[in-house]
Amino acid sequence: MDEDLQRKLRPLRERIDALDSQILDLLSQRARAALEVGEAKHAAQADGPVLRPEREAEVIRRLQQSNPGPFPNAGVASVWTEIISACRGLERGMTVAYLGPQGSFSEQAALEHFGHAVQKLPCASFDEVFRAVEAGQADVGMVPVENSTEGAVNRSLDLLLNTPLTILGERSLVIRHCLMSQSGGMDGIKTISAHPQALAQCQGWLTRNYPDLERVAASSNSEAARAAAGDSSIAAIAGEVAAPAWNLQVVAAGIQDDPHNRTRFLAIGNIQPLVSGKDKTSLILAVPNRAGAVYEMLAPLADNGVSMTRFESRPARTGQWEYYFYVDVLGHRNDPNVERALAALQAQVAYLKVLGSYPAP
């Protein structure tokens, strides 16, 4: 490197080193304060959940609003998620259940949402994720609920109907699918394996490039990657993180048909988040099977100025062509206008379940 450039860089690097030391000292002070919060709660015999979704959302939003730049707001969210996660872990460890094995998009969503200072519990199915949290084997879970290309993840919707758990947060991921194999090529490949949603999201690309290869559904993309790691005749579709996790090589990246493909994940648990100032509430509704019932069902939302952001129907499986409606609205269930709307809905619908109010992204 040019000596003149080295002389110019040296004081800048020394300044960065000094700033890093200051940041580390402040992080240690923050960690000690977090420990004192835990000690105060324990002394007052007020040991509540170590996770406070509304408080964590408020912290990150406040910092983003006061951020002078040039550090990006997305970086603020990522960095403070990890800081909060590490401090939370000092107070008490937290276990997160998700669809595994390692390298799944569900794992990625869980770690982005809760940070890396957690104990991971990969599960073989969405049902097991719910059971693990319901049984206390995990504090929280993370499950996909809808994809921008293929729509609702129906099994997650069905499980939300009957679970006592509530929604406590959400995370949206850009889904970039990769085709991978042991060798990084397709010689000797007989089947392509992935979760049915991933196969559907890539069906156009697969039809154009490998129309003659059998497509085999797996319980998850990372399970397909694990199968490919043990069988050289299998190629898997999974996220990029699955390749190093299972010692696979990427054949082709970004093979999803929609370049803007996204999946929305829900965090579930036994926690009821308080008002954060920017919230969302998820509901399940059912109405009598008569003319105008759906229109009447939505009227209390409009009458109270409550905005609806999602409306999804699911068969009630009664054989009578009845449906459950999955609805997301803006606001917390304790906000006055949302509270009035819910009271009016309760009085007129056949079924109402509030799945949870939680900080909106």
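Please read these numbers as outputs of a predicted model, since none were measured by experiment.

What follows is about the sheet that holds strand E9 (residues 234–238). As summarised here, the arrangement of the five strands in space is E8-E7-E9-E6-E10, forming an open sheet in which the pairing is mixed. Every other strand in the sheet has two partners, leaving strand E8 (214–217) and strand E10 (249–253) as the edge strands with one partner each. Adjacent strand axes in the sheet meet at a mean angle of 30° when their direction is disregarded. Pairing geometry for strand E7 (residues 191–194) and E8, over four bridges, is parallel. Bridge pairing in E8 links Ser-193 to Val-216. In this fold helix H9 (residues 221–230) packs onto E7 and E9, with an angle of close to 155° to the strand it touches most, E9.

Moving on: the sheet that holds strand E12 (residues 279–286). An order of E13-E14-E12-E15 is seen for the four strands of this open sheet, with the pairing classed as antiparallel. Across the chains shown, the open sheet's two edge strands, defined by having one partner strand only, are strand E13 (308–315) and strand E15 (351–359). The average angle at which neighbouring strand axes cross in this sheet is 15°, direction not considered. The sheet contact formed by E12 and E15 spans eight bridges and is antiparallel.

What describes two packed helices is the angle between their axes and the distance between those same axes. Helix H6 (residues 154–162) packs onto helix H5 (residues 126–134) with a crossing angle of 30° between their chain directions and a minimal axis gap of 9 Å. Taken together, the axes of H5 and H6 lie roughly parallel to each other. Judged by the twist between their axes, the crossing of H5 over H6 is right-handed. Along its contact with H5, which presents Phe-126, Asp-127 and Phe-130, the element H6 presents Arg-155, Ser-156, Leu-159 and Leu-160.

Another point: the UniProt feature "domain: Prephenate dehydratase" (unreviewed entry) in the protein. When the UniProt feature table is mapped onto this chain numbering, "domain: Prephenate dehydratase" (unreviewed entry) sits at residues 95–270. Counting secondary structure, residues 95–270 comes out at 31% helix and 34% strand; the distance between its end C-alpha atoms is 13 Å.

The next point concerns the environment of Cys-178. Take Cys-178: it is sitting in strand E6 (residues 178–181). Distance from Cys-178 to Arg-62, taken between C-alpha atoms, is 37 Å for residues 116 residues apart in sequence. With sequence-adjacent residues up to four places away left out, Cys-178 is seen in contact with Ala-236, Ile-237, Ala-238, Glu-240, Val-250, Ala-252, Ala-253, Gly-254 and Ile-255.

Attention now moves to the packing of aromatic side chains. Evaluated as defined, the whole model comprises three aromatic pairs. Between Trp-205 and Tyr-210 the ring centres are 5.9 Å apart and the planes differ by 50°, which places this aromatic pair in the tilted class. The class for Trp-205 is buried, based on a relative accessible area of 16%. Of the residues examined, Tyr-210 reaches a relative accessible area of 23% and is grouped as partly exposed.

Rules of the game
Residues numbered from 1 in each chain as written. Predicted model: local features only at pLDDT ≥ 70, side-chain atom pairs only at ≥ 80, totals over all residues. Heavy atoms only, no water. Pairing = 2+ DSSP bridges. Helix = DSSP H or I, 4+ residues; strand = E, 2+ residues; numbered from the N terminus. Axes fitted to C-alpha atoms, helices over the stretch in contact; angles between N-to-C directions. Contact = heavy atoms within 4.5 Å. Parallel < 35°, antiparallel > 145°, perpendicular 65-115°, else oblique. Left-handed = near helix turned anticlockwise from the far one by under 90°. UniProt positions renumbered as here; feature names shortened; annotations may be inferred. Phe/Tyr/Trp six-rings, centres within 6.5 Å; stacked < 30°, edge-to-face > 60°. Buried < 20%, exposed > 50% of the residue type's maximum accessible area, 1.4 Å probe, protein only.

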